[in-house]
Amino acid sequence: KMTVYLLEMLITTPERVVSEPLGVYDTMRKAKSHMQKVERLRPETESISFNIMKFEMNDKPSILKMKEIAMQYVGEEGLMALKSYEMFVRDDWLHPSILGMIWPHSPLWHWPVIAISQLIGWEHVDIAVRLVSVIASWLTALAVGLMASWLFGQRQAHAGWLAALVYLSMGEVA
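Notes on the structure follow. (Residues numbered from 1 in each chain as written. Predicted model: local features only at pLDDT ≥ 70, side-chain atom pairs only at ≥ 80, totals over all residues. Heavy atoms only, no water.)

**Focus: the overall build of the protein chain**
Here is step 1 of the chain: Helix and strand counts for the protein chain come out as five helices and six strands.
Here is step 2 of the chain: Going from the N terminus to the C terminus, the protein chain shows its helices and strands as β-β-α-β-β-α-β-β-α-α-α.
Here is step 3 of the chain: Buried residues in the protein chain amount to 36% of all 174 residues.
Here is step 4 of the chain: In the protein chain, the share of contacts with a sequence separation of at least 24, taken over all contacts with a separation of at least 6, comes to 51%. (Helix = DSSP H or I, 4+ residues; strand = E, 2+ residues; numbered from the N terminus. Buried < 20%, exposed > 50% of the residue type's maximum accessible area, 1.4 Å probe, protein only. Contact = heavy atoms within 4.5 Å.)

Here is the structure:
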């Protein structure tokens, strides 16, 4: 039997409540330590609360059961790796899950992660997650460039390149 802890942050504003998963840990102490670091970094203008969920795992598939059990998967990137691995192990290509619980998001992003992880090995799933993000960013830049070239045509010969570079220079993309 194995125990893991999922740390989640709830951000409350007058308009909505947002749940942000922060990581999966093998000890409560590590989860609380990361929670305290995040608390210090958050602006005081936001109302936040934290939730640490304890999971007792028997035979449910999880990337945490792999060779380096102490490795911490923190933030959204780690959760994407967990969901991709569990989809692969359970042979369920339509329902991402974490620790056996179905996660209600689209499985589309996980499919290339699974394919790349199969090629380079599951011990490098973190590289696969990042590689899929990089490839998606470059393909989107290509699409933006082609659309700008189509829109502006011969009048602005370099519009496509400029549009793609502007897209890639945006903070959330880079």
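Further notes follow.
**Some words on the pattern of salt bridges**
Here is step 1 of the chain: Inspection of the entire model under this criterion finds two salt bridges.
Here is step 2 of the chain: Of the charged contacts in the structure, one is a salt bridge between arginine 90 and aspartate 92, with a shortest N-O distance of 3.5 Å.
Here is step 3 of the chain: For arginine 130, the salt bridge identified is with aspartate 126, shortest N-O distance 3.7 Å. Separated by four residues within a single helix, arginine 130 and aspartate 126 lie in helix H4 (residues 125-152), roughly one turn from each other.
Here is step 4 of the chain: Judged by its relative accessible area of 41%, arginine 130 is partly exposed. (Salt bridge = Lys/Arg side-chain N within 4 Å of Asp/Glu carboxyl O.)

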